[in-house]
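Architecture and fold: a report
Residues per chain are reported as follows:
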Amino acid sequence: MPYQTARKTSTHLADGRELIYFDSAAASGRDRAAYPDTRPLGSGPAPGESRLDPLLGEWVTVAGNRQERPYHPGPDVCPLCPSTPRRRTEIPAPDYEVVVFENRFPSLAGGGLPARDSLVGPLPHLLRGGGGRCEVVSFTDDHNATFAALDDARVLLILEAWIDRTATLSTLPGIEQVYVFENCGAEIGVTINHPHGQIYAFPYLTPKMRSVVAASADYLARTGENLHDAVLSAELASGRVVFENAEWAAFVPFAARWPYEAHLYPKRRVPDFTALDDAQRAAFPAAYLDLLRRFVRLFPGLPPAYIAAWHQAPPGPPGERPGVALHAEVFTVRRAPDKLKYLAGTESGMGAFMDDIPPEVAAERLRAATA
């Protein structure tokens, strides 16, 4: 396809973790693999474990190794900046465009091995050992950049990396969901201040995806229609549309959980990144950047603070996949320049969200957040 133009170079770090460079045609002459990782890292991460909550039927991942991950390193010791002769980082090359690598401190690990289930104790305590994979996606070698400040060409290259990783991770044994996301800003809890996102290949359906799959199946059984198609049609007819172009549309959902939350859908439903056609891919950078930049402009003078969560249909044979539509849910924890939305008693304790700003008001403010 015309928009699959990235040059992909796969190599390995000193502890065996995979690292993949994605380069545009402009950088196609550079041999990224010519720079080996010479750090004394030892072996790679050990497989973690997940435990099933018997009351909720939800998996909880336990990853004690995460306590050792970098915590707010300065730009002089950032692990996502390119390596220099004096300082070796997670990226051995002296420069790069987009790079993906296995997380050194993953929540989920096990590579291509399926998870192993076992019962623990007299109660129905199910332990799942190993399974899954966590990858880091560094969007640029510029430590001080933001996703919203990138140009269309770089966003298209990132999209190609997401497509490639979705296709690959979906084929790993036991993987039930591939989740692409970006945490942006210290208020969100980001511990490395370098523009990057992550991809989790889950060996189970997350609670939210499990609910969406069930709701979609129920709606299909009752109406014979796809729930996401119905949602998009209804939202495009509402007063909560933020913007739309020929291929993509963004809106504040009817039952938004966060003070400022917007969803971005392709107008023709696809299950995941791999199914986007040429027109959808070509129109993606302008649409996604438009949405992220509106969130940045909501609070001028403040650094971005948002989560961009990409929903994709769980992997499966053609014709048997749930009717979940690819879409992004972008939201910020800011409800005012000097106020944050905390998940306190009702949200954290009961999972019952209480929104501070009516969705119609949020949509109006996002529409007004233009350049």
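Just so we're clear, the structure is a prediction, and the values are computed from it rather than from any experiment.

Notes on empty space enclosed by the protein
- All chains considered together, the criterion is met by three cavities of 30 Å³ or more.
- As for the largest cavity, its lining consists of Phe-295, Val-296, Phe-299, Leu-302, Pro-303, Pro-304, Ala-305, Tyr-306, Thr-332 and Arg-334.

Notes on the sheet that holds strand β10 (residues 196-202)
- Strand order in this open sheet of 11 strands is β1-β2-β5-β8-β10-β9-β14-β15-β13-β12-β11, and the pairing throughout is antiparallel. In this open sheet, the two edge strands, each paired with only one partner strand, are β1 (7-12) and β11 (241-244). Within this sheet the neighbouring strands show an average axis-to-axis angle of 20°, counted without direction.
- With five bridges joining them, strand β9 (residues 177-184) and β10 adopt antiparallel strand pairing. From the neighbouring strand, Val-178 faces β10, where its bridge partner is Ala-201.

As for the nonpolar core
- Ranked by size, the top nonpolar core spans 57 residues in total, and within it Phe-147, Trp-162, Leu-264, Phe-273, Tyr-288 and Trp-310 carry the most contacts.
- The element best represented in this core is helix α1 (residues 152-169), accounting for nine residues.
- Those residues in contact with Tyr-288 that sit more than four places away from it in its chain are Phe-147, Trp-162, Leu-264, Ala-308 and Trp-310.
- Judged by nonpolar contacts, the second largest core, of 13 residues, contains Leu-13, Cys-78, Leu-80 and Val-99.

Topic: the layout of surface pockets
- As a volume, the second largest pocket reaches approximately 350 Å³.
- Forming the walls of the second largest pocket are 20 residues, and the residues nearest its centre are Cys-184, Gly-185, Ala-186, Asn-193 and His-194.
- It is β9 that provides the largest number of residues to the lining of the second largest pocket, a total of three residues.
- Of the residues assigned to the lining of the second largest pocket, the class counts are nine nonpolar, nine polar and two charged.

Examining the side chain of Ser-50
- When you line up the elements, Ser-50 lands in strand β3 (residues 49-53).
- The class of Ser-50 is buried, set by a relative accessible area of 1%.
- Of the polar contacts made by the side chain of Ser-50, one reaches the side chain of Thr-61; its length is 3.1 Å.
- Apart from the residues lying within four places of it in its own chain, the contact partners of Ser-50 are Trp-59, Val-60, Thr-61, Leu-108, Leu-126, Leu-127, Arg-128 and Tyr-204.

Focus on the state of the cysteines
- For the structure on display, the rule yields zero disulfides.
- Counting only cysteine sulfurs, Cys-78 is the nearest neighbor of Cys-134, a cysteine outside any disulfide, at a range of 19 Å.
- Among the cysteines around Cys-184, which has no disulfide bond, Cys-78 carries the closest sulfur, lying 14 Å off.
- By relative accessible area, Cys-184 is classed as buried at 12%.

Rules used in this analysis
- Residues numbered from 1 in each chain as written.
- Predicted model: local features only at pLDDT ≥ 70, side-chain atom pairs only at ≥ 80, totals over all residues.
- Heavy atoms only, no water.
- 1 Å grid on protein atoms, 1.4 Å probe; cavity = no way out; pocket = protein on both sides within 12 Å on 5 of 7 lines; lining within 4 Å.
- Points joined across faces, edges and corners; volume = space filled by probe spheres on them.
- Pairing = 2+ DSSP bridges.
- Helix = DSSP H or I, 4+ residues; strand = E, 2+ residues; numbered from the N terminus.
- Axes fitted to C-alpha atoms, helices over the stretch in contact; angles between N-to-C directions.
- Core = buried A, V, L, I, M, F, W, Y, C linked by side-chain atoms within 4.5 Å.
- Buried < 20%, exposed > 50% of the residue type's maximum accessible area, 1.4 Å probe, protein only.
- Contact = heavy atoms within 4.5 Å.
- Nonpolar A, V, L, I, M, F, W, Y, C, P; charged D, E, K, R; others polar.
- Polar contact = N/O pair within 3.5 Å; in protein donor to acceptor, adjacent residues only side chain to side chain.
- Disulfide = S-S within 2.5 Å.

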